[in-house]
Every structure is written in C-alpha cells, then in structure tokens.
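# A look at the structure
Listed here are the chains, written in short residue letters.
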Amino acid sequence: MSWYFICLIFSLYLSSFVRSLNNNTTDSVDACLQDFAFKSLVRHRPHTGALYKAMLPPNLSGMTVSIVRLRSRRLWNRGANFSNFHIPSRTIPVPHVKRLALVYQDLGNWSSHYYTVPGYSMITPVIGFKVFDASDVRAKSITKLSLNTMGKSIVIRFSNFTLSESLVSRARCATFSRNGTLHLGEMSVPNVCFAQDQGHFSIVVPLKTKKKKKGAWNLWVIGLVLGFGGLILLGYAGIASMKVVKAKKIQVMERQADEDLVLDTIWVGGSKMPSATVTRTQPMLEDGGFP
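Note that the structure is a prediction, hence the values are computed from the model and not measured.

## Quick word on the overall build of the protein chain
A count of helical and extended segments in the protein chain gives six helices and 16 strands. Within the span of the protein chain, comprising 291 residues, buried residues form 33% of the whole. Once local pairs closer than 6 in sequence are excluded, the contacts in the protein chain between residues at least 24 apart make up 68%. When the accessible surface of the protein chain is split by element, carbon and sulfur atoms take 58% of a total near 18,900 Å².

## Considering the sheet that holds strand β10 (residues 154-157)
Pairing between the strands of a sheet is mediated by backbone hydrogen bonds and can be parallel or antiparallel. Judged by pairing direction, the sheet is antiparallel, and its four strands sit side by side in the order β3-β4-β10-β13 without closing on themselves. Looking at which strands have only one partner, the edges of the open sheet turn out to be β3 (80-82) and β13 (192-195). Across the sheet, the mean angle separating the axes of adjacent strands is 15 degrees when strand polarity is ignored.

## As for the state of the cysteines
Per the counting criterion, the structure on display carries one disulfide. Shown here is the disulfide that connects C173 with C193, its sulfur atoms set 2.1 Å apart. As the torsion about the S-S bond is roughly -90 degrees, the C173-C193 disulfide counts as left-handed. With C173 in strand β11 (residues 172-176) and C193 in strand β13, the pair connects residues that are 20 residues apart, well separated along the chain. Side by side, C173 and C193 carry an identical accessibility label, which is buried.

## Description of unusual backbone geometry
Residue P95 is bonded to the preceding V94 through a cis peptide linkage, with omega at -5 degrees. One non-glycine residue, N191, adopts positive backbone phi at about 70 degrees.

## Some details on the environment of L60
Looking at the element boundaries, L60 is found in the loop between β1 (51-53) and β2 (64-71). Look at L60 and you get buried, because its relative accessible area is 3%. Separated by 50 residues in the primary sequence, L60 and W110 place their C-alpha atoms 8.4 Å from one another.

## Observations regarding the pairing of β11
Buried residues dominate β11, accounting for four of its five residues. Of the strand pairs in this sheet, β11 and strand β12 (residues 182-186) are connected by five bridges, and their pairing is antiparallel. Looking at the pairing, T175 lines up with H183 of β12. Remark: five residues form the turn of the hairpin made by β11 and β12, two consecutive strands paired antiparallel; G180 in that turn has positive phi of roughly 90 degrees. Across five bridges, β11 lies against strand β14 (residues 199-206) in antiparallel orientation. What sits directly across from F176, in β14, is H200.

## Side note on the packing of aromatic side chains
Tallied over the full model, the rule gives six aromatic pairs. Arranged with centres 5.7 Å apart and planes meeting at 25 degrees, the rings of F85 and Y104 form a pair that is stacked. Note that F85 is positioned in strand β4 (residues 85-87) and Y104 in strand β6 (residues 99-106), a separation of 19 residues in sequence. Ring pairing ties together the aromatic residues F85, Y104, F129 and F201, which thus form one cluster.

## Quick word on the confidence of the model for the protein chain
Looking at the protein chain as a whole, the pLDDT averages 80, with 76% of positions reaching at least 70. Looking at the elements of the protein chain, mean pLDDT is at its lowest for helix α1 (residues 3-12), recorded as 47, and at its highest for β4, recorded as 96. Between residues 8-21, whose pLDDT stays under 50, and residues either more than four places distant or in other chains, the model counts 27 contacts.

## What to know about a nonpolar patch on the surface
A contiguous nonpolar patch, built from W217, W220, V221, L224 and V225 and spanning about 620 Å² of accessible area, is present on the exposed surface. If you trace the backbone, L224 turns up in helix α6 (residues 208-260).

## Describing the side chain of N191
In this structure, N191 sits in the loop between β12 and β13. Since its relative accessible area comes to 16%, N191 is described here as buried. Once you skip the residues sitting within four places of it in the chain, N191 turns out to touch I156, R157, F158, F161, T162, L163 and I203.

## Digging into the nonpolar core
In terms of nonpolar packing, the biggest core is built from 29 residues, with I87, L102, F129 and I156 touching the most fellow members. Elements with a minimum of two residues in this core: β2, β3, β4, β6, β8 (127-133), β10, β13 and β14. Those residues in contact with L102 that lie beyond four places of it in its chain are S66, I67, V68, L70, A80, I87, F129, K130 and V131.

Criteria and thresholds
Residues numbered from 1 in each chain as written. Predicted model: local features only at pLDDT ≥ 70, side-chain atom pairs only at ≥ 80, totals over all residues. Heavy atoms only, no water. Helix = DSSP H or I, 4+ residues; strand = E, 2+ residues; numbered from the N terminus. Buried < 20%, exposed > 50% of the residue type's maximum accessible area, 1.4 Å probe, protein only. Contact = heavy atoms within 4.5 Å. Areas by Shrake-Rupley, 256 points an atom, 1.4 Å probe, with all protein chains shown as cover. Pairing = 2+ DSSP bridges. Axes fitted to C-alpha atoms, helices over the stretch in contact; angles between N-to-C directions. Disulfide = S-S within 2.5 Å. Phe/Tyr/Trp six-rings, centres within 6.5 Å; stacked < 30°, edge-to-face > 60°. pLDDT = per-residue confidence, 0-100. Patch = residues over 30% accessible without salt bridge, like charges linked within 9 Å, V, L, I, M, F, W, Y side chains within 5 Å. Salt bridge = Lys/Arg side-chain N within 4 Å of Asp/Glu carboxyl O. Core = buried A, V, L, I, M, F, W, Y, C linked by side-chain atoms within 4.5 Å.

Here it is as structure tokens:
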C-alpha cells in the first residue's frame, strides 16, 4: 500500500485524538506530509526554484504544505527565501547532493495536537521545514538531509502574526528539533526567531494567568488554616484565663476568711488544734469587794 493511501487512512483518525508532543506521532505526520508534497512535485513537473502547494485531504484542512526544489549551487550562492524562512547564502546540504527539496509546513489549528510547551502557551501556529534529497523525486525512499549554514542563522518570520508590545518581553521562541528536543530562546526581534538547522518553530508566552489563580487559591487555603488555628488558640487562651481568674478569686476569699477568724492553737496529745480565747468574768462579793 502506497504512502498516499496510508496517509488518507491515518488522517481519518486524526480528528478524534488530541495528542501532545510525541516523536513517533510527529514523525508519522512529517512522513505523511512529505509524501503529499513530493506527489505534488511530480504532478507539476517542477521547475527549479518554483514553490508548489501540496493538496491535502479534507481531514487535514487547516494545514498548509508546500515544496520547492533547488540546486545546491544556488543555495550556496544565493540562499533560499521561501514561505517565512530565509536560509542564508554559503549554506550546504549534508550529505552533499546536487538537488535538494525544501518541504514547508504550517500546522495551523493542528499545532497544539502535536506540540506542547509545558508552562507556556503557543500564540502562533507551529511552522517548520524539512530538507530532502531531490535527485530523484519519484524514488520510493527519500533521503533526509541536514544543513550547514557556516555559523549563520536561519531567519523564521511569523509574517501573519503581530506581537503586542505587552508580550514582547515575555515571548520566547520555541524550537522543536528533529530528535524531539525542545529549546526556548529569547526573542530579540519581534515576530522573528533564529535557528541553525531545520525543525518546527512557534512563539510562546508563559502561563502567568493560571499561576496567579493557583497562587491566590493557595493563599486562601493558608489563610483559612491559619484563621481556624488562631480561633482554637484564642479559645484555649480564654478558657485558661477564666480558670486563672477563678483561682485568684478563691484565694482572695480564703485569705479574707483567715483574716476574719483568728484562733489560738493548743496541743492535745500529739495534735495541734485551734482554741478560742477564754474570757471569764471575775466573781464579786455582795458588798462590792473582790474576794
């Protein structure tokens, strides 16, 4: 079964799944889009340097794929400037071939189905390009190539997007490399990213809104816990204060009782007991004299 029919069957199931970044999935999509691009190249009997748009099945609507075939000598002398990508002059394909094909992709509304950046939100579609050996566009197996830019940068312009001034300082360039690695770089020029080789690219911003909501929720929880703990401590403090006041009142009452009743003490056997003072009226004789 040819890649064309495999891609058609594969595309029928794409709409029912939402996928994050996965090397196997993205590689399958790249191979599928590559097949559509090369079939378009064969159908048009292309001229070198002409950009052709590939026809995609309805289930892949929203994506855009185009392809251009170049001579390596032209890439070395003039570079390439197609579909939002500028490849500088003095660039050579690795390994070296006489002709190469550049397949450009714009994933459109499918971008978040295949690529995600943890902690960030993509504010532009994912765009990218792949490089292939175009010596025989009818070959069943197309060789993938790399680019050597001699230290110069490939310029990626997001021409259909305008970055607001409030987002310029927070925006980052996300680069999804061929081996599945993710690199985030600062954006020195608005709406422009830079790279050294092929891959997929997008502009992202941090998810600060969600972090603020999460932080506010945490503050509420902490406040409720501290408030509840404070009420418990306040209750214990109130009860302890009442006990202390009550104990002091009892001590005062006992002290006053001791001061009002003063008794002498006597020893009876081996025990000490209180004894009241005895007041006795002295006897007197009838004639008024004392005996």
